[in-house]
Amino acid sequence: ADRIVVKVGTSTLIHHNSKINSSVIKQLAKVLSTLKKDGKDVVLVSSGAIGVGMGVLGLDQRPVKISKQQAVAAVGQAELMQIYNEAFHEYDMSVAQMLITKDIIDYPESHTNVMNSFQELLSMDNTIPIVNENDTVTVSELDHHTKFGDNDQLSAIVTNLVDADLLIMLSDIDGFYSANPNKVPDAKLIGTIGEIAPEIVAAAGGHGTKFGTGGMTTKLKAAQRILKHNQQMVLTNGKDPEIIFNILAGEPVGTLFS
Ligand code: ADP
């Protein structure tokens, strides 16, 4: 794969005590900088703005009110980019903040503008674009749980848009299981999924962590989009970002959607 999109979830970036997992961010910066220096095109889609904002503001619970969540995300986004900036500077890389929304694909002008920005950024030698959903402008009144901050589907949209070879989705779980392993201890990891059949959808139970949003449901929607475009996605655990090297070496890691 010469062009990859890596999506990192809140559950990977934030510890359960609301503290940011800085070692994972440092590792991620190291791995992605190495790939970029090897001539690969790399885009990072990062969640975590609300979780980081909660830490900055000293909140133990995600606010219920949507406008409060937006405010917390705005605080957290600035802090998160500062952390990434420092981490990537260690490897002489700069980061580019791209705040976009899923509906760019419905507006030809926005679509073209975002695509042009990506092309320019990807042609730069020492820059990594870091994408997040623009939480200030995207709020679904209908379905807060799956739509607010849904970077899973956004990362698939980005993967389509830049015509990447692979989307690597880093979460707090080793892959997609036959049932939620937190509820069903003997659930089995599924190595390859070629089609999002009803049994697969049924296996994606419930929401994830207190910070994470979509759980597996939004990841399956992302996978569906990837499969439709004949692209590939790997879902795996982000606790050790060096796993990205194993994936790119063709080793069987996590769940491959192909
Ligand atoms: P992230 O923050 O990385 O986006 P989430 O916390 O939203 O991740 O989603 C990951 C969680 O989804 C897992 O920790 C697990 O509890 C839950 N989950 C539900 N169904 C499944 C399944 N079939 N396979 C794996 N994980 C599942």
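Procedures and definitions
Residues numbered from 1 in each chain as written. Predicted model: local features only at pLDDT ≥ 70, side-chain atom pairs only at ≥ 80, totals over all residues. Heavy atoms only, no water. Helix = DSSP H or I, 4+ residues; strand = E, 2+ residues; numbered from the N terminus. Buried < 20%, exposed > 50% of the residue type's maximum accessible area, 1.4 Å probe, protein only. Contact = heavy atoms within 4.5 Å. Axes fitted to C-alpha atoms, helices over the stretch in contact; angles between N-to-C directions. Parallel < 35°, antiparallel > 145°, perpendicular 65-115°, else oblique. Left-handed = near helix turned anticlockwise from the far one by under 90°. Nonpolar A, V, L, I, M, F, W, Y, C, P; charged D, E, K, R; others polar. Pairing = 2+ DSSP bridges. Core = buried A, V, L, I, M, F, W, Y, C linked by side-chain atoms within 4.5 Å. Polar contact = N/O pair within 3.5 Å; in protein donor to acceptor, adjacent residues only side chain to side chain. Near = heavy atom within 4 Å. Areas by Shrake-Rupley, 256 points an atom, 1.4 Å probe, with all protein chains shown as cover.

Looking now at unusual backbone geometry. The residue Asp 92 is not glycine, and still its phi comes out positive at about 55°. Within the secondary structure, Asp 92 is located in the loop between helix H4 (66-89) and strand E3 (94-100). The phi dihedral of Asp 163 is positive, around 55°, even though this residue is not glycine. Along the chain, Asp 163 turns up in the loop between helix H7 (151-161) and strand E5 (166-171).

All of the buried residues in helix H3 (residues 49-57) are Ala 49, Ile 50, Gly 51, Val 52, Gly 53 and Met 54. On its buried side, H3 packs onto H4 and strand E4 (127-133). At the exit of H3 stands Gly 58, carrying a positive phi of roughly 70°.

Before going further, it helps to spend a moment on the packing of H7 against helix H9 (residues 215-228). Taken N-terminus to C-terminus, the directions of H7 and H9 make an angle of 15°; their axes are 8 Å apart at the nearest point. Here H7 lies roughly parallel to H9, going by the angle between them. Regarding H7 and H9, the two cross each other, and that crossing is right-handed. In this structure, H7 uses Asp 152, Gln 153, Ala 156, Ile 157, Thr 159 and Asn 160 to contact H9, whose residues at the interface are Gly 215, Thr 218, Lys 219, Lys 221, Ala 222, Arg 225 and Ile 226. Residues that form the contact of H7 with H9 fall into these classes: four nonpolar, five polar and four charged.

With that out of the way, let us pick up the sheet that holds strand E7 (residues 232-237). Taken together, the eight strands give an open sheet; going across it, the order is E3-E4-E2-E1-E5-E7-E8-E6, and neighbouring strands pair in mixed fashion. A strand with exactly one partner marks an edge of an open sheet, and here the two such strands are E3 and strand E6 (192-193). Examined bridge by bridge, E6 and strand E8 (residues 255-257) share two bridges and lie parallel to one another. Bridge pairing in E8 places Ile 193 opposite Phe 257. The strands that H4 touches are strand E1 (3-8), strand E2 (41-46), E3 and E4; relative to E3, the one it contacts most, it runs at about 150°. Across the sheet, H9 touches E1, E5, E6, E7 and E8, and the angle it forms with E7 is around 155°.

What follows is about the nonpolar core. Counting residues in hydrophobic clusters, the biggest one holds 40 residues, and the most contacted among them are Val 5, Phe 118, Val 131, Phe 176, Ile 196 and Phe 257. Mapped onto this core, the elements with two or more residues apiece are E2, E3, helix H5 (108-122), H7, E5, helix H8 (198-203), H9 and E7. Not counting chain neighbours up to four residues away, the residues in contact with Phe 176 comprise Lys 188, Leu 189, Ile 190, Ile 193, Ile 200, Ala 203, Ala 204, Met 216, Leu 220, Leu 235, Thr 255 and Phe 257. Grouped together as the second largest cluster of nonpolar side chains are 32 residues, Val 24, Leu 28, Ile 83 and Ala 87 included.

Along the chain, Arg 3 falls in strand E1. For Arg 3, a relative accessible area of 18% gives the class buried. A distance of 2.9 Å separates polar atoms of two side chains, one belonging to Arg 3 and the other to Asp 41. Non-local contacts of Arg 3, meaning those with residues more than four positions away in its chain, are made with Asp 41, Gln 119, Leu 122, Val 162, Asp 163, Ala 164, Asp 165 and Leu 166.

Time to look at the site of the ligand. Taken together, 26 residues sit near the ligand, with Ser 11, Ser 171, Asp 172, Asn 182 and Lys 219 positioned nearest. Note that an oxygen atom of the ligand is positioned 3.3 Å from one of the side-chain N or O atoms of Lys 7. One of the backbone N or O atoms of Tyr 177 is found 2.9 Å from a nitrogen atom in the ligand. For the ligand, whose unbound accessible area comes to 580 Å², protein coverage reaches 98%. Those elements that provide at least two residues to the shell around the ligand are helix H1 (10-13), E5 and H9. The element contributing the most residues to the shell around the ligand is H9, with three residues.

Along the polypeptide, Gln 97 turns up in strand E3. Taking C-alpha positions, Gln 97 is 10.0 Å from Leu 44, a pair spaced 53 residues apart along the chain. Not counting residues up to four positions away in its chain, the partners in contact with Gln 97 are Gln 77, Met 81 and Ile 130. Of the polar contacts made by the side chain of Gln 97, one reaches the side chain of Gln 77; its length is 2.9 Å.

Spatial relationships are all this shows, so hold off on functional conclusions.
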